[in-house]
Protein chains: 2
Amino acid sequence: MPARLISPLWNSLALERGGAASLQDQIVGYFRDAVLRGRLKAGARVPSSRALAAEHEVSRITAVQAYDRLVAEGYLVARPGAGLFVADSVPDHHLLPDPAPARPSRPRPAAAGRPRAALPPLPAIPPRPSEVLPLSVGIPALEQFPWADWGRLSARLHRARAPELLGYGDARGEPALRRAIADYLGPARGIACSADQILVVAGAQQGIELIARALTRPGDTAWIEEPGYPLGRVALSATGLALAPVPVDAEGLDVAAGRRVAPGARLALVTPSHQYPLGALMSLRRRLALLEWADAADGWIIEDDYDGEYRYAGRPLAPLYTLDRADRVLYLGTFSKVLAPGLRLGYLVAPRDLVERLSALKTAADRHAPRLPQAVLARFIAEGRLAAHLRRTRTLYARRRLALLDALGRAAALVARESPPAGLHLVALLAGTGDDDAISRRALADRVHAAPLSRFYAGAPQARGFVLGFAGTPETEMAPAVRRLADAIAAVGAPRRARAQRASSAR
Amino acid sequence: MPARLISPLWNSLALERGGAASLQDQIVGYFRDAVLRGRLKAGARVPSSRALAAEHEVSRITAVQAYDRLVAEGYLVARPGAGLFVADSVPDHHLLPDPAPARPSRPRPAAAGRPRAALPPLPAIPPRPSEVLPLSVGIPALEQFPWADWGRLSARLHRARAPELLGYGDARGEPALRRAIADYLGPARGIACSADQILVVAGAQQGIELIARALTRPGDTAWIEEPGYPLGRVALSATGLALAPVPVDAEGLDVAAGRRVAPGARLALVTPSHQYPLGALMSLRRRLALLEWADAADGWIIEDDYDGEYRYAGRPLAPLYTLDRADRVLYLGTFSKVLAPGLRLGYLVAPRDLVERLSALKTAADRHAPRLPQAVLARFIAEGRLAAHLRRTRTLYARRRLALLDALGRAAALVARESPPAGLHLVALLAGTGDDDAISRRALADRVHAAPLSRFYAGAPQARGFVLGFAGTPETEMAPAVRRLADAIAAVGAPRRARAQRASSAR
């Protein structure tokens, strides 16, 4: 078959000099496109690199390299002594129907493929403002972050050029950090454990997910606190668990109700030190009942001790973990609340016989936490800086909590819900009726982040109000922020009544 | 009911002064234990704080605070005017049968609970030495890590005390990093995408898992390359996928074989730029066949471009992603191979309509990657440091690759498998027969990490040999390392023959 020469087409190659793409890239792109679109047919001979270079005023080396790439990518084939030809391995039906694809500096056009079948269901992620605002829940005092110590410890690590921190690490986390955490947990939380039982994770979120994946099967049921932690629900349902909301009261999760609602549950996610969000301290009676349930049901308990370090009167209570004699409790701690959420570092304390299992799933999920930040945190704890930071922020948060209570006391539309002096947030109920979600959105526009209590319920909300963080809000900003929230309550209440009146008069 | 006084028991409280636990902690621990073990019965009155203080020579405040805690924890109750009593909320059958629990500074004893039912199956994690050794696969030149730039950029960030990096961030990753990656991918890999299509993940491992969870259901089938990436298999099977190993040849994954083996597959995990571990470059014909399969089967392709930046002759090839017109390819890049695995940072490029879904699963898994390291990396890329690092290491790795080829050429027991000049590793087959796994273990004892090829097969190994990394091994160490591997081959071969002889003479 005599080779057809392609010079007519050839002239459509228009090179742009000084553009974003190199001349070589442009030549390669031109030929790729022409082959895929069928403008260059299989077996057609392409001009020699010499001719290409001369015709388009590019260097010979540019032309040769462009052709080399096209051969390497399979668009062209070289027949020794005869020249370069369009490969015959591109079947006709692969030719592109759409106009020329964008060059590498521009995104490609939208999909032109077949419509897609329904994808697996996804958990709904609650919205969160992109910046930290007054009253944001779950945010510590970021302005207190120990930058100086953190920077000093980081700089030391960078100067030491520790290559051993650059390779793959232990799935359970850096040994130095696990030792530091184990040593910290004794005095800080009364937990006796060894470094072998610690698993460093990317915050409580990953901890909940790993435990659920390690110990349950899709379709199993988990008890969750109602109301409870929305992203905990997300983690559990993302692993395929069915969720059984169990009411909480002043003694924490109602274990008897859990047995009625979902007797076959295999997992319970609880916050015994300071129920999230209502604040109850789980009573000893309930703690023992929960442990008894787990032992009898072959079930597991995730103790999410997200803010157990913060108690402003009396001493912190011993975690559920310390009462467990059947190795059914997995204790979950986080540095998000004692340092900063942006670090994405937390830890599990697991019964010894579960560590290997959790570590295998951590490997499958992301191998291990980043090593340099772990090394910095390990030194930070071992030097006693974390304990000092906790002492400092505890005093600060006690003051901020009182400032919030004071401001709430002067807002007629809000009633502070009573709870033990602990944690980083308070719940304020609406004094009247109202749509806390709509009010929250209104307040957000006024730069106050008042998380609506209704979103903490998996089922129908039993109360309306707001979960208000005080730890990240300076005392002087507390009253103005609560005032703006009260304004939002008034503003949303008024048009709702007006709308309701209009609606009833229209009937 | 008259309260029984507990003084007889009482004398068993022995306080240790100057020990690890405070006096207050010891008192609390003593009472907790006595209540839980039944030595103190419900309703029993405990001595007054004054009596406690006098009897045991502690300050009154210590005694009062200890009792306060015991009341708060529910072990004691106060009856106004009558004193403190053991609470009646601890049912008898919760009393502990085992001896006194260890104090907080010692780990608790092993579980005394009921035996556990079978837990869900877990993927087997391939072993990996805890340190980087000569010939370790998947490890770049860690001694080339840009510590100076990394330290300078980190220090700048610490000095700036950027509180906006401490709160919760975007699940998709820092906007600055996503922009930097999108800008980098054009010139580096010919990929045109916008920052909105990028999702920062904790390395390729998490990328594979997130994609599988986002786009498939447990029980679906995935094509994997045979041989292929062992931890890729782990990620896919951990999400509940069935694995269909599809053979690879000199053109990469055999798409026609895949259609025969598992016609209903919904996902394919491939390494088209440099097949892992055999090194083939996927041919254009196969690429088009794979894309056609995905479009027709409503399937998805994970393009794991783990070392696509490294090609030592010619130019890097355009990724499969750039050929995809049906938005079926999710491109996966990592900074593990171009910088360091310990950073745990990688990225996906996803079709636009899948970004929200992937981002929701990233939130469920761990919310987002740590923010400070992301900010450092963003600046590192934007300043052009990554491009410079790539240029430098490309030259270095080309030399190291030749040094390994040279050393293999002089080892009679090993045959280097031919593959394009690319990537960070080579495959060396055993010239004779032998147990590559046993040899690998032997070599490890001699401080050489020669990953056995057989472990890269999901099914029965079709070849025996080793996957040898050259990027992290200095040129001068290459020949000695290969010699130690050859010694291990000789050592393992000999006793095996001897054992076989003994076994046959015994019959």
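All figures in this text were calculated on a predicted structure; none of them were measured in a lab. (Residues numbered from 1 in each chain as written. Chains lettered and ligands numbered in written order. Predicted model: local features only at pLDDT ≥ 70, side-chain atom pairs only at ≥ 80, totals over all residues. Heavy atoms only, no water.)

**Focus on the packing of aromatic side chains**
Counted by the stated rule, this structure contains 28 aromatic pairs over all chains. With centroids separated by 4.9 Å and ring planes inclined at 50°, the aromatic side chains of Y310(A) and Y397(A) adopt a geometry described as tilted. Note that Y310(A) is positioned in the loop between β8 (300-304) and β9 (329-334) and Y397(A) in helix α13 (residues 385-409), a separation of 87 residues in sequence. Within the aromatic cluster, the residues linked to one another by ring pairs are F145(A), W147(A), W150(A) and F380(A). The aromatic ring of F85(B) is capped on one face by R79(B), whose charged end is 4.0 Å from the ring centroid. Residue placement shows R367(B) over the ring face of Y168(B); its charged tip is 3.8 Å from the ring centre. (Phe/Tyr/Trp six-rings, centres within 6.5 Å; stacked < 30°, edge-to-face > 60°. Helix = DSSP H or I, 4+ residues; strand = E, 2+ residues; numbered from the N terminus. Lys NZ or Arg CZ within 6 Å of the ring centre and 35° of its normal.)

**Topic: the domain arrangement of chain A**
All names here are of chain A. With domains assigned, chain A is organised as domain 1 (4-90), domain 2 (145-385) and domain 3 (388-506). Taking the mean C-alpha position of each, domain 2 and domain 3 sit 28 Å from one another. Contact residues are listed per partner, giving 27 residues for domain 2 and 26 residues for domain 3. Summing the contributions of domain 2 and of domain 3, the shared interface buries around 2,300 Å²; its carbon and sulfur component is 63%. (Domains from an automatic or database assignment. Contact = heavy atoms within 4.5 Å. Buried area = accessible area lost by both parts, 1.4 Å probe.)

**A word on the sheet that holds strand β14 (residues 465-469) of chain B**
By way of backbone hydrogen bonds, the strands of a sheet pair with one another, either parallel or antiparallel. All names here are of chain B. Taken together, four strands build an open sheet; the order of strands is β11-β12-β14-β13 and the sheet is antiparallel. What marks the edges here is a single partner per strand, and that holds for β11 (414-416) and β13 (451-452). Sheet topology places β13 next to β14; two bridges connect them, and they run antiparallel. Paired with A451 across the strands is V467, a residue of β14. Contacting β11, β12 (425-430) and β14, helix α13 (residues 385-409) runs over the sheet at an angle of about 10° to β12. (Pairing = 2+ DSSP bridges. Axes fitted to C-alpha atoms, helices over the stretch in contact; angles between N-to-C directions.)

**Focus on the relation of the copies chain A and chain B**
By a simple turn and slide, chain A fits onto chain B: the slide is 0.1 Å along the axis, the RMSD is 0.1 Å, and the turn is 180°. In symmetry terms, the pair is related by a two-fold rotation axis. Residue A155(A), judged by its C-alpha, is the member of chain A lying nearest the rotation axis, at 3.4 Å. Taken as a fraction of all interface residues of chain A, those also at the interface in chain B reach 99%, which identifies the copy contact as same-surface. (Least-squares fit on C-alpha atoms with pLDDT ≥ 70 in both.)

**Notes on the interface of chain A and chain B**
Of the residues lining the interface, 126 residues belong to chain A; the matching set on chain B comes to 126 residues. Here chain A packs against chain B, burying approximately 10,300 Å² in sum over the two surfaces, 58% of which is carbon and sulfur. In this assembly, chain A and chain B are joined by four salt bridges. Measuring nitrogen to oxygen at the nearest pair gives 2.5 Å for the salt bridge that ties D353(A) to R116(B). (Salt bridge = Lys/Arg side-chain N within 4 Å of Asp/Glu carboxyl O.)

**Describing the environment of P421(B)**
Residue and element names in this part refer to chain B. Here P421 lies in the loop between β11 and β12. For the pair P421 and I191, spaced 230 residues apart in sequence, the C-alpha to C-alpha distance is 22 Å. Here P421 is in contact with R311, Y312, A313 and R401, once residues within four sequence places are set aside.

**So, the environment of H425(B)**
Residues and elements named next belong to chain B. Turning to its location among the elements, H425 is positioned in strand β12. Overall, the relative accessible area of 3% leaves H425 in the buried class. With 398 residues separating them along the chain, H425 and I27 place their C-alpha atoms 62 Å apart. Engagement of the side chain of H425 in a polar contact is seen with the backbone oxygen of P277, the distance being 2.8 Å. (Buried < 20%, exposed > 50% of the residue type's maximum accessible area, 1.4 Å probe, protein only. Polar contact = N/O pair within 3.5 Å; in protein donor to acceptor, adjacent residues only side chain to side chain.)

**With respect to the side chain of E309(A)**
Residues and elements named next belong to chain A. Residue placement: E309 occurs in the loop between β8 and β9. Among buried Asp, Glu, Lys and Arg side chains, E309 stands out as unpaired, with R189 the closest opposite charge at 5.0 Å. The residues touching E309, leaving out its near neighbours within four places in the chain, are Y184, R189, V338, Y347, L390 and R394. (Lys, Arg positive; Asp, Glu negative; His and termini not counted.)

**Observations regarding the packing of helix α2 (residues 23-36) of chain B against helix α4 (residues 60-72) of chain B**
Residue and element names in this part refer to chain B. Their axes nearest at 9 Å, the elements α2 and α4 cross at an angle of 40°. Put simply, α2 runs oblique to α4. Read as a crossing pair, α2 and α4 show a hand that is right-handed. Between α2, through L23, Q24, D25, I27, V28, F31 and R32, and α4, the contact on the second element is made entirely by T62, Q65, A66, Y67, R69 and L70. The residue inventory of the contact of α2 with α4, partitioned by class, reads seven nonpolar, three polar and three charged. (Parallel < 35°, antiparallel > 145°, perpendicular 65-115°, else oblique. Left-handed = near helix turned anticlockwise from the far one by under 90°. Nonpolar A, V, L, I, M, F, W, Y, C, P; charged D, E, K, R; others polar.)

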